[in-house]
Each structure stands twice: as structure tokens, then as C-alpha cells.
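# Fold and contact review
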2 protein chains.
Amino acid sequence: MNGELELILCDIGNTTYHFLIDGIHKKYLLQESLPKFKETIFYISVNDNAAKKLEKNQEKCVDLEEFLDFETKYKGMGIDRKVVCLGVENAIIVDAGSAITVDIMENFKHKGGFILPGISRFINTYKKISVKLDYEINTKVNLDTIPLCTQDAISYSILKSIILPIKEISKDRKIIFTGGDGEFLSKYFDNCIYKDDLIFKNMKGIINANNRIA
Amino acid sequence: MNGELELILCDIGNTTYHFLIDGIHKKYLLQESLPKFKETIFYISVNDNAAKKLEKNQEKCVDLEEFLDFETKYKGMGIDRKVVCLGVENAIIVDAGSAITVDIMENFKHKGGFILPGISRFINTYKKISVKLDYEINTKVNLDTIPLCTQDAISYSILKSIILPIKEISKDRKIIFTGGDGEFLSKYFDNCIYKDDLIFKNMKGIINANNRIA
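Along each chain, the written sequence defines residue order, and numbers are assigned to residues from 1. Each chain takes a letter, starting from A, and each ligand takes a number, starting from 1, following the order in which they are written. Given that this is a predicted model, residues contribute local features only at a pLDDT of at least 70 and side-chain atom pairs are listed and counted only at 80 or more, while totals for whole chains, interfaces and linings are drawn from all residues. Side-chain measures were taken over the full set of non-hydrogen atoms in the model, leaving aside hydrogen atoms and water.

Within an unreviewed UniProt entry, the label attached to chain A reads Type III pantothenate kinase, and the organism entered is Halarcobacter anaerophilus. The Subcellular location (unreviewed entry) field of the UniProt record for chain A holds the comment "Cytoplasm". UniProt positions are given in the numbering used here, feature names are shortened, and annotations may be inferred rather than shown by experiment. Looking at the Subunit (unreviewed entry) heading of the UniProt record, one finds this comment for chain A: "Homodimer."

## Looking at the relation of the copies chain A and chain B
Each copy is superposed on the other by least squares, with the fit set by C-alpha atoms of residues at a pLDDT of at least 70 in both. It takes a turn of 180° to lay chain A on chain B, together with a shift of 0.0 Å along the axis; the resulting RMSD is 0.0 Å. Those values place the two copies in the arrangement expected of a two-fold rotation axis. In terms of C-alpha distance to the rotation axis, chain A has Ser161 of chain A as its closest residue, with the C-alpha 2.1 Å off the axis. Two residues qualify as a contact provided that any one of their heavy atoms is within 4.5 Å of a heavy atom in the partner residue. When the interface residues of chain A are mapped onto chain B, 100% of them are again interface residues, pointing to one common binding face.

## Quick word on the UniProt feature "binding site: K(+)" (unreviewed entry) in chain A
Residue and element names in this part refer to chain A. With numbering aligned to this structure, UniProt lists the feature "binding site: K(+)" (unreviewed entry) at Asp95. On the secondary structure map, Asp95 appears in strand β6 (residues 91-96). Type-normalised accessible area, obtained with a 1.4 Å probe on protein chains alone, sets the label of each residue: buried when under 20%, exposed when over 50%, and partly exposed for intermediate values. Residue class for Asp95 comes out buried when judged on its relative accessible area of 16%. A run of H or I in DSSP counts as a helix once it spans at least four residues, and a run of E counts as a strand once it spans at least two, with each numbered from the N terminus.

## Structural notes on a positive patch on the surface
Only residues above 30% relative accessible area that lack a salt bridge enter a patch, with like-charged residues linked at up to 9 Å and the nonpolar side chains Val, Leu, Ile, Met, Phe, Trp and Tyr linked at up to 5 Å. The protein chains shown are the only cover counted for residues, whose accessible areas, like all others here, come from Shrake-Rupley with a 1.4 Å probe. Salt bridges are identified by distance alone: a Lys or Arg side-chain nitrogen within 4 Å of an Asp or Glu carboxyl oxygen. When charges are counted, Lys and Arg contribute as positive and Asp and Glu as negative, whereas His and the chain ends are disregarded. Note that the charge is assigned to NZ on lysines, CZ on arginines, CG on aspartates and CD on glutamates. A surface patch of like charges, here positive, comprises Lys127 and Lys128 of chain A together with Lys127 and Lys128 of chain B. You can see Lys127 of chain A is positioned in helix α3 (residues 119-129). Exposure remark for Lys127 of chain A: the relative accessible area of 35% places this residue in the partly exposed category.

## Focus on unusual backbone geometry
Unlike most non-glycine residues, Asp22 of chain A shows phi in positive territory, near 50°. Structurally, Asp22 of chain A can be placed in the loop between β2 (16-21) and β3 (24-29). Note on Asp22 of chain A: relative accessible area 43%, which makes it partly exposed. Phi is positive for Lys171 of chain B, which is not a glycine, with a value near 50°. With respect to the element layout, Lys171 of chain B can be found in the loop between α4 (150-170) and β9 (175-178).

## Some remarks on the packing of α3 of chain A against helix α3 (residues 119-129) of chain B
Helices that pack against each other are described as a pair by the angle of their axes relative to one another and the distance between those axes. Helix axes are fitted to C-alpha atoms over the stretch in contact, other axes to C-alpha atoms as well, and angles between N-to-C directions run from 0 to 180 degrees. Here α3 of chain A crosses α3 of chain B at 125°, and the two axes come no closer than 10 Å. Put simply, α3 of chain A runs oblique to α3 of chain B. The hand of the α3 of chain A/α3 of chain B crossing is right-handed. In this structure, α3 of chain A contributes Arg121, Phe122, Thr125, Lys128 and Ile129 of chain A to the contact, and α3 of chain B contributes Arg121, Phe122, Thr125, Lys128 and Ile129 of chain B. For classification purposes, angles smaller than 35 degrees are called roughly parallel, those larger than 145 roughly antiparallel, those between 65 and 115 roughly perpendicular, and all remaining angles oblique. For a crossing to be left-handed, the near helix must be turned anticlockwise from the far one by less than a right angle; the clockwise case is right-handed.

Written as C-alpha cells, this is what we have:
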């Protein structure tokens with residue numbers, strides 16, 4: 001296996017190739033052309049076509065899905081969700097990106113989960129209902145009073161729609177937040193932590209745990 | 001004023017002209033051409049351009065907004081929301097259409113409200129995040145267990161995102177549901193009623209209460 005310095009990781013999502021190269025994040029839209037890397041790219045992907053494109057155009061790629069050992073009764077769970085849940089004993093794992101996935105781990109076992117739209121997707125949805133609902137989120141909206149204007153009404157609704165289902169399922173259990181909006185959302189919860197780059201940390205964990213990966 | 005039989009009512013929304021003509025519903029997309037009515041059209045509108053088009057092409061139109069007496073500190077409240085709240089003493093009013101408006105009336109006074117995306121808009125949002133999230137809602141999803149497949153995860157999330165904010169605000173107060181998805185949503189609540197065509201009933205109420213309307 002290559003040393004830490006040459007490790008190139010890639011999380012292929014629905015809109016971007018998200019690379020971590022020597023600790024530096026680089027994002028490319030799926031339709032963009034990628035630089036050609038000499039080093040091996042260790043990737044996970046929820047997008048078959050984008051993964052094929054990567055495999056075709058790069059020197060050497062390793063799909064980490066083959067090395068992942070994750071049991072669940074859940075049908076159709078994305079590899080990215082599995083990776084962030086990896087090794088968690090007892091917690092709710094919330095990965096807040098374009099979708100917000102919420103997964104429940106009990107005694108190292110995955111018990112199921114659900115999928116909320118991400119904050120930016122909520123904003124887009126309102127915009128499409130009516131131009132009169134085209135607002136940015138007011139991140140300081142008071143969630144303890146009834147809104148008295150459209151921007152607050154939308155901001156309150158988005159945050160309540162995300163926060164309340166997570167609160168209901170978590171009860172008093174620990175919550176691990178990750179993903180682009182994870183840090184922001186974590187401030188609405190008590191018993192929680194925010195983990196930066198959890199997906200990449202766990203991808204490295206898979207690589208380190210598998211001697212088979214050259 | 002014309003007799004009950006000739007009354008033509010129109011609720012102009014973000015996607016349709018919704019008519020009630022002698023008790024019969026007729027919907028036309030905003031871009032469609034409308035039949036020419038000889039009778040007066042009594043309308044409310046949240047869409048200025050669509051209202052102008054109606055005024056231009058029809059014999060006689062009366063905008064009921066001028067006859068509406070509704071006080072609120074809420075800035076930017078749509079006329080349709082005001083009309084469904086009209087005359088309510090103490091209740092939460094939920095109008096579930098392309099948006100789901102939730103308004104609080106206390107002692108005949110409007111105290112504020114919020115706006116959730118409608119069920120069909122949630123479905124569209126998931127579809128746009130990923131083709132893997134393109135599902136119809138499972139209206140029979142069990143909301144007491146953690147989902148174990150994508151369709152249930154989406155259905156659970158949509159319903160929880162709508163139900164929990166309404167439950168939180170309503171506490172034990174009465175809820176009045178109306179709108180296309182109002183009857184379906186009402187089954188998740190105890191202290192509630194569903195009122196069909198509340199908007200048109202209240203429009204008739206405005207007409208009957210105003211002798212000025214010819």
C-alpha cells in the first residue's frame with residue numbers, strides 16, 4: 001500500500017466527485033473532466049455511471065465497496081451511508097448533505113433509517129412552488145415563537161421538518177453529525193458531536209484494515 | 001347579486017385557475033386559455049399576472065380581496081390563507097395543497113403561521129436529488145417503526161416532516177384541515193376535522209356579508 005501522503009480518496013455522490021488528496025478537499029461536478037492521477041484512487045460511489053467514468057479515465061481505481069463488511073436488513077442502503085455508520089456502537093448517525101440520511105445503530109447493528117431532503121433542496125422546493133417563496137434560510141430564526149413573515153415561516157418549517165424527526169427517533173441517544181450542514185444542525189441538539197470528514201476517515205479505516213488492498 | 005346558481009368562484013393559485021361553478025370544480029392550468037363566462041367571476045388570487053389575464057379576458061370580475069377584513073401582524077400572508085382562517089375562533093388551520101400552510105387563530109385573532117412543502121413537492125424534491133430516490137409515497141408506511149427500505153424511508157420522512165411540526169404547534173388545540181391532501185393528513189391527528197372546499201365556502205361568506213358586491 002502507498003504511504004499516507006499519496007492516498008487519494010474519492011466519494012462519488014449525486015452531483016460531484018469529492019476528492020481528499022493529502023488532506024486537501026477537491027470537488028468536481030460529475031460532468032466536468034477530471035485531472036489524470038498517477039496514484040491509485042480509492043473510491044466509494046452511489047452513482048454507477050460516474051464510477052464507470054472514473055474507472056475508464058484513471059490509471060488505477062479501487063472500489064472500497066468490495067472490502068466493506070456491513071450487515072443490515074435495510075434494502076437499498078447507499079454505500080456512503082454504510083461507511084459513515086461503520087463501527088458505531090450506539091448512536092444516531094446524521095449525514096447532512098444534499099440529502100440528510102439518519103441511521104440508527106444499536107450494539108454495532110444497523111436498525112434502519114430515513115432520508116430527509118437537505119437544507120438547500122428544501123430552499124429550491126419552495127422557490128419552485130412560487131416566486132413569492134423564494135428566500136434564503138434565516139439561520140437565526142427563533143424556533144420558539146410562531147413566525148410572522150414569509151422568510152421566517154420557511155426557515156422555521158425547514159428546520160422543524162429536519163430537527164423534529166431526528167429528535168423523535170433519537171430520544172436521549174447520542175447523535176453523530178457529519179456532512180456539509182452537519183455542524184450547523186448539531187447546534188439544535190444536546191447529546192451530540194460533529195465529526196468532520198467522517199466518510200473519508202472511515203474509508204481510510206477500511207483501507208488500513210484490509211491487507212488485500214494493494 | 002346573482003342567485004346561487006349563477007355564482008362563479010375562482011381561486012387563482014400558483015399552477016391553476018380553480019373554479020367552482022354551480023358546485024362543480026373545474027381546474028385550468030394558468031397557461032391554458034379559459035372559456036369566456038357571461039356571469040361575474042368572484043375571485044381571489046396569489047398570482048398577480050394570472051389575475052390580470054383573467055380581468056382582461058372576462059366580461060366581469062370581482063377581486064374579493066377588497067372586501068376582506070383580516071388583521072394580522074404577519075407580513076406577506078397570501079389571500080388564500082387569510083380566507084381559510086376567516087371567522088375561526090380558536091384552532092390551527094392547515095391548508096394542504098402544493099404548499100401546506102399552517103396558521104394559528106386565537107380568540108378570532110391570527111397569531112402567525114408557517115409553510116411546509118406539499119406532499120407532491122416533497123416527492124419531486126427526492127426525485128431531483130437522485131434517481132435512486134424516485135418513489136411514490138407509501139401512504140400505509142408504519143410511522144412507529146424505523147424504515148427498512150428506500151420507499152418507506154422517504155414516505156416516513158415526508159410524513160414526519162409534515163406531521164411533527166403541526167403536532168408541536170397544535171398541542172391539544174383543534175385542527176381544521178382543508179385542501180387536496182387535507183383529508184389524508186387529518187387521519188394522523190386526533191382533535192381535528194376536515195372541511196371540504198373551505199376556501200370557496202368562505203368566499204361565498206364574504207359575498208353574502210357584503211351588500212356592496214353587485
